[in-house]
Amino acid sequence: MIRNFTSRILAVLFFIFFCFVSCEKDEVEPVVEESFFPRLKGAAITSKDLSSNPLAYRRLMDYLEKPIAKSTIGIELDTTFIRFIETDSYKSYTFKIKQDSLDRSRTLKNFVLTYVNDTIQIQQLVDYPVLESGALDMENIVSVRLFGDELLNPFTAKCSSGGPSYYQYEYQYCYPVYCSISGLHGPGEPCTIDGVQRGYTNCVTRWQTVFVDQGSCESITISDGNPSGGGGGANTPSDDDDNIIIIPANPTDPENPCPNNSLSEGGGDCMIVNDEPEDQLPDPVINELNNLIKKDTSFVKIKDVVNLMKTKTTDSVEYSLSLYKDLVGGEEFTKRRTTQLVRHKSLTSGYVNIGSFDFCNIHTHPLGTHGMFSFQDIVTLKTMHDSLN
Amino acid sequence: MMMLVTSNGSVYVLKISDVDKLSNSINDIFDFLGDNGTEQQKIDFTTEKLGLNYDKNLSNLEGYFLRVFENFGISLYKANNSDLSDWSNLKL
């Protein structure tokens, strides 16, 4: 329902945008939206590396100097493998809590220590239930905040009279999973000519919001839990965005480590999260284009088609060519629907082959028309997609 | 995918990155335009409107396109050379 509402708002904005541009102003001021989620840097570190953050290091050393029994909840941390996450506003350290194999087979237990602006300390115990498949249940993460300055010693809380309030927002992160059989294919697109295997969209719970309230007693109140359930006497997030941080759900287990600058997805895979490496990753569509064009030796000769079309853009009609997938000797090839370019009747009218194997249309926008895709093109692209096997 | 060859020699590729988002966006435009008229008439109307605005943004058609269709679940690519061996994913 939220998506529908959002989409309708977008449709209204779409036309308002039109009107805004065409009726009132000659120039459009670009609207740049910043990502809702923080940019992250991440690394696997050890307790020694923590010394770069004096407060965190001191708190950890204080904890390690005590017998485990002194931790009122008897938790022992694995300090040989710590996942460090850094954003502009906070630094977060995730430890795996030592568990016996039986306990680990049911739950992955982490301790997350976060410092906001290098001063405010947040302690969280985060449990990830283990599914039958062995993957982590990212939809049922249990997060409990511990109060107090000392690590893992909740009874030293200065300001726990109100009790922790539970207020957690979970955000799913969805991304396309491309299949790479005979080219790269996005969500919904068939990977093979029989259409059995397709690209798909994978979603995992990746983020949670933590409300940071320093309160009147100079302690902090963190809310995490269920937004609908709430906790008794809970502080609820105000409209002050400065009090809200968004931290990643990053299950940490030294036996299944993820590379730097990546987050665990809970199922054994890791997802690179910060912008820099993402830009360095090969773009699957560009890979697909390169595969399409470089491997195009016998049937289509796309470069020739494009070069021929360039000579036709001064004609007063549109030209097009549709491409489809075909099996040749058990191998999938791209072929032309027609041997020649299709010459249409006018500047703006065209015909696009729609069918189970028709995955690509190339066409011209002749001189005097617009050098960009039309809305008709976009709708046709969607129709082509829907008709693919 | 859809490939476009323009009169100035540019070659673009349009690709769906999120089909649900695209579907919802198109349907919501149809809904927004009301019950009168066929779907094709609504496409033609929007195509014409878009074209009028292209006319006013000829100096930066790519940027205009990206802004208008920012939330439509589509990605725009442009060939950087006539050899079609180098492509850029155009972004705002």
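Keep in mind that what you see is a predicted model, and the values were worked out from it rather than measured.

Participant: Explain the pattern of salt bridges to me, and be specific about the residues and the numbers.
Facilitator: Counted under the stated rule, the structure contains 10 salt bridges over all chains. The closest approach of N and O atoms between Glu-288 of chain A and Lys-15 of chain B, which form a salt bridge, is 3.0 Å. With Glu-288 of chain A in helix α5 (residues 284-294) and Lys-15 of chain B in strand β2 (residues 11-16), this residue pair bridges two chains. Residue Glu-288 of chain A shares its accessibility class with Lys-15 of chain B, and that shared class is buried.

Participant: An account of the sheet that holds strand β2 (residues 77-86) of chain A is requested, with residue identities and associated values reported.
Facilitator: Residue and element names in this part refer to chain A. Strands sit in the order β1-β2-β3-β4-β5-β6 across an open sheet of 6 strands; the sheet is antiparallel. The outermost strands of the open sheet, each flanked by one partner alone, are β1 (41-45) and β6 (142-146). Shown here is a sheet whose adjacent strand axes are inclined to one another by a mean of 20 degrees, direction ignored. Pairing of β1 with β2 involves 5 bridges; the strand directions are antiparallel. Counterpart to Ile-45 in the pairing with β2 is Ile-82. Strands in contact with helix α2 (residues 54-65) are β2, β3 (90-97), β4 (107-116) and β5 (120-129); relative to β2, the strand with the most contacts, it is inclined by about 165 degrees.

Participant: Any details on the environment of Ala-135 of chain A? Residues and values, ideally.
Facilitator: Inspection of the secondary structure assignment puts Ala-135 of chain A in the loop between β5 and β6. Beyond its immediate stretch of four places on either side in the chain, Ala-135 of chain A contacts Pro-129, Val-130, Gly-266 and Gly-267 of chain A.

Participant: Could you give an account of the packing of aromatic side chains, naming the residues involved and the relevant values?
Facilitator: The geometry of an aromatic ring pair is captured by two quantities: the separation of the ring centres and the angle between the planes. One pass over the structure, following the stated rule, counts 6 aromatic pairs over all chains. An angle of 45 degrees between the planes, with centres 4.8 Å apart, marks the rings of Phe-65 of chain B and Phe-69 of chain B as tilted. As far as burial versus exposure is concerned, Phe-65 of chain B and Phe-69 of chain B are alike and both buried. Summarising the aromatic geometry, the rings of Phe-69 of chain B and Phe-72 of chain B are spaced 4.9 Å apart at their centres and angled 85 degrees between planes, so their arrangement reads as edge-to-face. Each of the two residues, Phe-69 of chain B as well as Phe-72 of chain B, counts as buried. Put simply, the rings of Phe-373 of chain A together with Phe-65, Phe-69 and Phe-72 of chain B touch in pairs and so form one group of aromatic residues.

Participant: Explain the nonpolar core residue by residue, including any values.
Facilitator: Residues Phe-373 and Phe-375 of chain A together with Leu-14, Phe-65, Phe-69, Ile-74 and Leu-76 of chain B are the most contacted members of the largest nonpolar core, which totals 31 residues. Put simply, the parts of the chain that give this core at least two residues each are α7 (375-387) of chain A together with β1 (2-6), β2, α1 (19-32), α2 (39-56), α3 (61-68) and β3 (74-79) of chain B. The residues touching Leu-14 of chain B, leaving out its near neighbours within four places in the chain, are Phe-373, Ile-378 and Leu-381 of chain A together with Met-1, Met-2, Phe-65, Ile-74, Ser-75 and Leu-76 of chain B. By size, the runner-up hydrophobic cluster in this structure holds 28 residues, among which are Leu-292, Leu-321 and Leu-388 of chain A together with Leu-84 of chain B.

Participant: Explain the interface of chain A and chain B residue by residue, including any values.
Facilitator: With 59 residues of chain A in contact, the opposing surface of chain B contributes 59 residues. The contact between chain A and chain B buries some 5800 Å² in all, and 71% of this surface belongs to carbon and sulfur atoms. The residue Asp-83 of chain B makes a salt bridge to Lys-303 of chain A at a minimum N-O spacing of 3.3 Å. At the surface where chain A touches chain B, the tally comes to 14 residue pairs in polar contact (both at pLDDT 80 or more). For the side of chain A that touches chain B, the secondary structure elements donating two or more residues are α1 (2-24), α5, α6 (302-312), β16 (358-365) and α7 of chain A.

Participant: Residue-level account of α6 of chain A, with values.
Facilitator: Buried residues of α6 of chain A: Ile-302, Val-305, Val-306 and Met-309 of chain A, and no others. Axial view of α6 of chain A: buried residues confined to an arc of 95 degrees, hence all on one face. On its buried face, α6 of chain A sits against α5, β13 (319-328), β14 (331-336) and β16 of chain A together with β1 and β2 of chain B.

Scoring rules and cut-offs
- Residues numbered from 1 in each chain as written.
- Chains lettered and ligands numbered in written order.
- Predicted model: local features only at pLDDT ≥ 70, side-chain atom pairs only at ≥ 80, totals over all residues.
- Heavy atoms only, no water.
- Salt bridge = Lys/Arg side-chain N within 4 Å of Asp/Glu carboxyl O.
- Helix = DSSP H or I, 4+ residues; strand = E, 2+ residues; numbered from the N terminus.
- Buried < 20%, exposed > 50% of the residue type's maximum accessible area, 1.4 Å probe, protein only.
- Pairing = 2+ DSSP bridges.
- Axes fitted to C-alpha atoms, helices over the stretch in contact; angles between N-to-C directions.
- Contact = heavy atoms within 4.5 Å.
- Phe/Tyr/Trp six-rings, centres within 6.5 Å; stacked < 30°, edge-to-face > 60°.
- Core = buried A, V, L, I, M, F, W, Y, C linked by side-chain atoms within 4.5 Å.
- Buried area = accessible area lost by both parts, 1.4 Å probe.
- Polar contact = N/O pair within 3.5 Å; in protein donor to acceptor, adjacent residues only side chain to side chain.
- Arc of directions from axis to C-beta.

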